[in-house]
Amino acid sequence: MGSINVVTHNLQGMFSDRQLGIVETRKKKSTEKLSSGYKINRAADDAAGLTISENMRRMIRGLTQASANVQDGVSLCQVADGYLDEVHDMLHRMTELSVKGANGTLTDEDRNAINEEIDALKSEMRRIFNVANFNEIPLFHVPYTPEIKPPATDMELFHVGTGNTVGGLEFNNVRYNISELQSKGLKIDDSGVATEDFKASFDLWDGETVDISMKEGDTLAKAKRNYKWTVDENGISINNKFAADWAHITGPDGNPVSNTDTFAAGTYKFTYHGMEILFDIDEETDFDGVVSGINGDAATKPATWDISVGGAVTKPAVKIDNDDPQSINVTNANKDFIDHRFAVVADANGIAIKDTKTSYTTEYTAWNTFTDTNAGTRYENGNPIATNGGYPIKNWGIGNDANGESEITFDDTARYLYKATDSNVPEIMFNFKLAESASLEEIEDALNYDLSQSKVMASGYFSTGGSGNYGSLSIASGSSFAVDVNGDNRSGDFALQRAYGRNFDTNEALTASITVGRSITGRNMADDVPDASGAYSVGGHTIVSRALNNQSGPTISSQYNESFSYYKLGDTYYKYRNYDEDRVYTNTYTAKDSYAQTVEYAFNGTLNGTAMNTVTESQTEYYERKLAQTRTQTDTWHYRDYVRTFDESDLTDSEKAGAIEISYAYQLPQNRTSSITNTTYGDYTTGRIYDTTLTGVEKSNYSMDFTSDKGKAFSFNYNVTTDQAKSIATGSAAKNVGTVSFTPYGFAYKSFRPNVYGSISEAEFSSIKLNVPKKQLDIQAGANQGNVITMEWSPLNLTIIGLSGVDTTTMESSRASIGMVQNALDIISETRSTFGAYQNRFEHTIRNLDNVVENTQAAESQIRDTDMPEEMVRFAKENILEQVNSTILAQANQSTSGVLSLLNS
């Protein structure tokens, strides 16, 4: 039975063949795993494992890309930080410039130069904010985000009383005091302090909406006003009031917008209530795009902005708007008072002029009669502005009123004219402007001042005329009718011309006629003659010379003073006689003497018919004269005569005893000698004076002031020669010297320059905060939907960082700029910090993602990767099984072949 089955079916071979197929299938799978490295090569390999593995693969691929995404975020933060780093550097430079501009040692020109650099830095910041991008994505710029350049002039704090006490708020030149603001919904107490946080809204008389917000405890100086803008086919409206039509909005080409179908990319700008408003369009768009950009849409909220006090500026309560001093001509009508001093006086009644010399005050010009001298309708962007007839000065915010158009008060750009029309004062006039915040009392204090005024200018030139026979006249340097009159050094020139009758309407010349006379002071020295001794009784004479004309005589008197002298030579005696003899002569002389005689020159005259006071000058005249004189002269002669030789016997004993013994003959005197031993003169006898000559004067030039009881008229020089002095000395009548004329250059005039004093501290609404949506950017930071990191940061422009209004043109604005730059620095620092924080976060995110990828990869490897050692063992086993099955199959087939062989045999 068994043998038959083997032959019929070969069951053993069939079994071996089936097992061999199974082994080959397993070997094939093992080969796939070893070749691919995966133990799951198809779903059949491990359906559940494949699902898990593929999900992990999705995670790994997604997380890997997420890591790259976050790295891009890091790069964005680095790029933004790089832009802002340069902005920081510019802000530091602006701090230096602002501090420099706040120094009191600089001039306005210095600060203007500093401000040029400030403007250049602002322009570069504006450019950076507009062009900063990452992969063409704007980093800080948002289309249609306005840049607002302050200050805003449609909201002001105003004062009541002095000391900058806030009295309320002013909107569009209409004052609302505290009680009126309370009635409009502002939750403030009677001091203007907010009693709670609030927002209040009300409409002005012209329909403009006012939105005010304050925090509890805030004063009115911290009130904020919100602005909203909208656009339509007509133009742009702000706070529900039409602000600018397209024709008054400047486009990127510098021209008004003329086509509203298409808007080119670039910057558009217009002004509104003192603010310059700019906005950018990034790319060419149609009108609907502009509407959605400004008005907002479902995705974008419209931008608004708040204004508040950015600081205080010091300014005059009243500013005189006269560049040059006012000049008023002198006329015969006003000549009596134009040289007085005048003052401006102001009180609740208005403005008047006071003559401080007489205390006369003109009638007051009432405040509400002043209107803007630039009369006419004002326009802003083509829209008429209500001025109530030129901003009449009427609402001081003191009492409650209707707060309507009729209550419009002054505007700080309005130019008011005051003109004095009273005939008792000069026609003084000046233009002035008022600070919008100033109270009535502050304006009164500023306006009550003495006018800065010059003396009356009545200049001209002097000229002289005359024959010159008795001397000549010339005008002394500095003559200009300039002298104090009654101690008032402001009116010297004019007062004297007025006193001497100048016609100020026709400008006629003033002419003086001058004479000079001479008189002797004291005794006439020409009459004085010397006495017998030659002396003068008056003195002051000097004998210049005395020449001997002739000598008569002599008359000889008898001998006298006889005496004898004896000499002895050996035994010989010698006798000599000595005696005196007078010889008298009569001498005739021509004598010349000189003397100086004091005289007085008297100058008299009239100036335009007014007698001048006599001007006197003492003069010394020098003379020489000749005199005939005689006197006696007596000469005393002494003689010594040789007489004879005596013997000793001829002499008396005493004579012998007195003889002078000599040794030699030459010791004896000469035989005869003579000499004048004395000369005496008798007294002079003056006969006659036969020539007197004026030889000179003390000086030839005199400098004198001509005066009258009206004061000094002018100074003049008088020049005289000796010959002219001789002519004056001839006769007793005064001689006509000549004339002096003063010819005016033109009309006399006086200048007035009003100067006001005192400054007030005025709040300036230069702090503007934009309310714009934050810029957003999503970083896909994971493999699953919704796994994002949302970046948020503030858009930036000059308004957002608060630098639109920064400048250094004055010391006050420079000081305010220091704080404004500090605030801008804080904003930029905060923005940089935001990007720095994101960068740090992203770096942590990257490390986390890379770690998750690594771990997920390891998990997925456990599921899907081939266990090579195990699979190789399995592969080797299958090889063995394959070989065994092949051998058994061969044996089974061989058994079948053996049976067939037996059957065939």
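Residues numbered from 1 in each chain as written. Predicted model: local features only at pLDDT ≥ 70, side-chain atom pairs only at ≥ 80, totals over all residues. Heavy atoms only, no water.

Glancing now at the overall build of the protein. Counting secondary structure elements, the protein contains 12 helices and 47 strands. With the C-alpha coordinates of the protein rotated into their principal frame, the extents come out at 250 × 100 × 50 Å. With 905 residues in all, the protein has 41% of them scored as buried. Sequence separation of 24 or more characterises 70% of the internal contacts of the protein that already satisfy a separation of 6 or more. For the protein, the exposed area adds up to about 44400 Å²; of that, 47% sits on carbon and sulfur atoms. Separation of charge centres in the protein, based on 78 positive and 122 negative side chains, amounts to 4 Å. (Helix = DSSP H or I, 4+ residues; strand = E, 2+ residues; numbered from the N terminus. Buried < 20%, exposed > 50% of the residue type's maximum accessible area, 1.4 Å probe, protein only. Contact = heavy atoms within 4.5 Å. Areas by Shrake-Rupley, 256 points an atom, 1.4 Å probe, with all protein chains shown as cover. Lys, Arg positive; Asp, Glu negative; His and termini not counted. Charge placed at Lys NZ, Arg CZ, Asp CG, Glu CD.)

What follows covers the packing of helix H3 (residues 47-101) against helix H4 (residues 108-131). Packed helix pairs are specified by the crossing angle of their axes together with the interaxial distance, meaning the distance between the axes. Running from N to C, H3 and H4 point in directions that differ by 165 degrees, and their axes come no closer than 10 Å. Taken together, the axes of H3 and H4 are roughly antiparallel relative to one another. Taken as a pair, H3 and H4 cross one another with a handedness that is left-handed. From H3, Tyr83, Leu84, Val87, Met90, Leu91, Arg93, Met94, Leu97, Ser98, Lys100 and Gly101 reach across to H4, where they touch Arg111, Ile114, Glu117, Ile118, Leu121, Lys122, Glu124, Met125, Ile128, Phe129 and Val131. Its residues placed into classes, the contact of H3 with H4 shows 14 nonpolar, two polar and six charged. (Axes fitted to C-alpha atoms, helices over the stretch in contact; angles between N-to-C directions. Parallel < 35°, antiparallel > 145°, perpendicular 65-115°, else oblique. Left-handed = near helix turned anticlockwise from the far one by under 90°. Nonpolar A, V, L, I, M, F, W, Y, C, P; charged D, E, K, R; others polar.)

For helix H10 (residues 722-729), the full list of buried residues reads Gln724, Ala725 and Ile728. Seen end-on, H10 carries its buried residues on one side only, within an arc spanning 100 degrees. Packed against the buried residues of H10 are strand E31 (510-520), strand E34 (572-607), strand E39 (685-697), strand E41 (711-719) and strand E42 (735-744). Directly after H10, the chain includes Gly731, whose backbone phi takes a positive value near 85 degrees. (Arc of directions from axis to C-beta.)

Attention now moves to the environment of Phe15. Structurally, the position occupied by Phe15 is in helix H2 (residues 11-36). Given a relative accessible area of 46%, Phe15 falls into the partly exposed group. Sequence separation of Phe15 and Val210 is 195 residues, and the distance between their C-alpha atoms is 102 Å.

On to the pairing of E31. Sheet analysis places E31 next to E42, joined by seven bridges and oriented antiparallel. Its bridge partner being in E42, Ala512 is matched across the sheet by Val740. (Pairing = 2+ DSSP bridges.)

This next bit is on the confidence of the model for the protein. Taken residue by residue, the protein gives an average pLDDT of 87. The fraction at 70 or more is 94%. The secondary structure element of the protein with the lowest average pLDDT is helix H1 (residues 2-9), at 54, and the one with the highest is strand E8 (residues 209-214), at 97. Low confidence marks residues 482-491, where pLDDT is under 50. Its contacts with residues over four positions away, or in another chain, come to 18 contacts. (pLDDT = per-residue confidence, 0-100.)

In terms of nonpolar packing, the biggest core is built from 142 residues, with Trp305, Phe432 and Leu803 touching the most fellow members. Top element by residues in this core is H3. It accounts for 14 residues. When sequence neighbours within four positions are dropped, the list of residues in contact with Phe432 reads Val318, Lys319, Ile320, Asp321, Ile351, Phe370, Ile393, Ala414, Arg415, Tyr416, Leu417 and Tyr418. Counting 32 residues, the second-largest nonpolar core is a separate cluster that includes Leu496, Ala512, Val599 and Phe706. (Core = buried A, V, L, I, M, F, W, Y, C linked by side-chain atoms within 4.5 Å.)

What follows covers the sheet that holds strand E43 (residues 749-753). If you trace the three strands from one edge of the open sheet to the other, you get E19-E43-E28, paired in antiparallel fashion. The open sheet has two edge strands with one neighbour each: strand E19 (326-329) and strand E28 (452-453). With four bridges connecting them, E19 and E43 associate as antiparallel partners. Residue Gln326 lies in a different strand from E43, and its bridge partner there is Phe752.

Another point: the pattern of salt bridges. Within the structure shown, the criterion is met by 24 salt bridges. In this structure, Arg111 and Asp108 form a salt bridge, with 4.0 Å as the shortest nitrogen-oxygen distance. Of this pair, Arg111 and Asp108 both sit in helix H4, three residues apart, which is roughly one turn of that helix. The class for Asp108 is partly exposed, based on a relative accessible area of 47%. A salt bridge links Arg127 to Glu124; its shortest N-O distance comes to 2.7 Å. Here Arg127 and its partner Glu124 are both found in helix H4, three residues apart, which amounts to about one turn of the helix. Judged by relative accessible area, which is 43%, Arg127 ranks as partly exposed. Here Glu124 falls in the partly exposed class, since its relative accessible area comes to 28%. By sharing partners, the salt bridges in this structure join Asp81, Asp85 and Arg832 into a single network. (Salt bridge = Lys/Arg side-chain N within 4 Å of Asp/Glu carboxyl O.)

On to a positive patch on the surface, then. There is a patch of like positive charges on the surface, built from Lys199, Lys215, Lys224, Lys769 and Lys774. Topologically, Lys774 is positioned in the loop between strand E45 (767-771) and strand E46 (775-780). Of the residues examined, Lys774 reaches a relative accessible area of 49% and is grouped as partly exposed. (Patch = residues over 30% accessible without salt bridge, like charges linked within 9 Å, V, L, I, M, F, W, Y side chains within 5 Å.)

Turning next to the packing of aromatic side chains. Scanning the entire structure with this criterion turns up 39 aromatic pairs. Geometrically, the ring pair formed by Trp396 and Phe410 is tilted, given 5.5 Å between the ring centres and 55 degrees between the ring planes. Of this pair, Trp396 sits in the loop between strand E24 (383-385) and strand E25 (416-419) while Phe410 sits in the loop between E24 and E25, placing them 14 residues apart in sequence. Just as Trp396 is buried, Phe410 falls in that class too. Grouped by ring-pair contacts, the aromatic residues Phe462, Tyr601, Phe603, Tyr702, Phe706, Phe714, Phe716, Tyr718 and Phe742 constitute a single cluster. Geometry around Tyr684 places Arg546 over its ring, the cationic atom sitting 4.3 Å from the centre. Sitting over the face of the ring of Tyr681, Arg631 holds its NZ or CZ atom 4.1 Å from the ring centroid. (Phe/Tyr/Trp six-rings, centres within 6.5 Å; stacked < 30°, edge-to-face > 60°. Lys NZ or Arg CZ within 6 Å of the ring centre and 35° of its normal.)

Let us look at unusual backbone geometry. The omega torsion across Pro150 and Pro151 is 5 degrees, close enough to zero to call that bond cis. The peptide bond linking Gly553 to Pro554 adopts the cis configuration, its omega dihedral lying at 10 degrees. In this structure, Pro554 sits in strand E32 (residues 541-556). Its identity is not glycine, yet Asn240 carries a phi of approximately 65 degrees, on the positive side. Topologically, Asn240 is positioned in the loop between strand E10 (235-238) and strand E11 (241-245). A relative accessible area of 66% places Asn240 in the exposed class. If you check the backbone angles, Tyr391 has positive phi at about 50 degrees while not being a glycine. Relative to the assigned elements, Tyr391 resides in the loop between E24 and E25.

We now examine the sheet that holds strand E27 (residues 449-450). Read across the sheet, four strands follow the order E22-E21-E20-E27 without closing on themselves; strand pairing throughout is antiparallel. Each edge of the open sheet carries a strand with a single partner, namely strand E22 (360-361) and E27. For strand E20 (residues 342-347) and E27, the ladder comprises two bridges, and the chain directions are antiparallel. Bridge pairing links Ala343 to Asp450 in E27. Each of E20, strand E21 (350-355) and E27 is contacted by helix H7 (residues 440-447), which is oriented at about 175 degrees to E20, the strand it contacts most.

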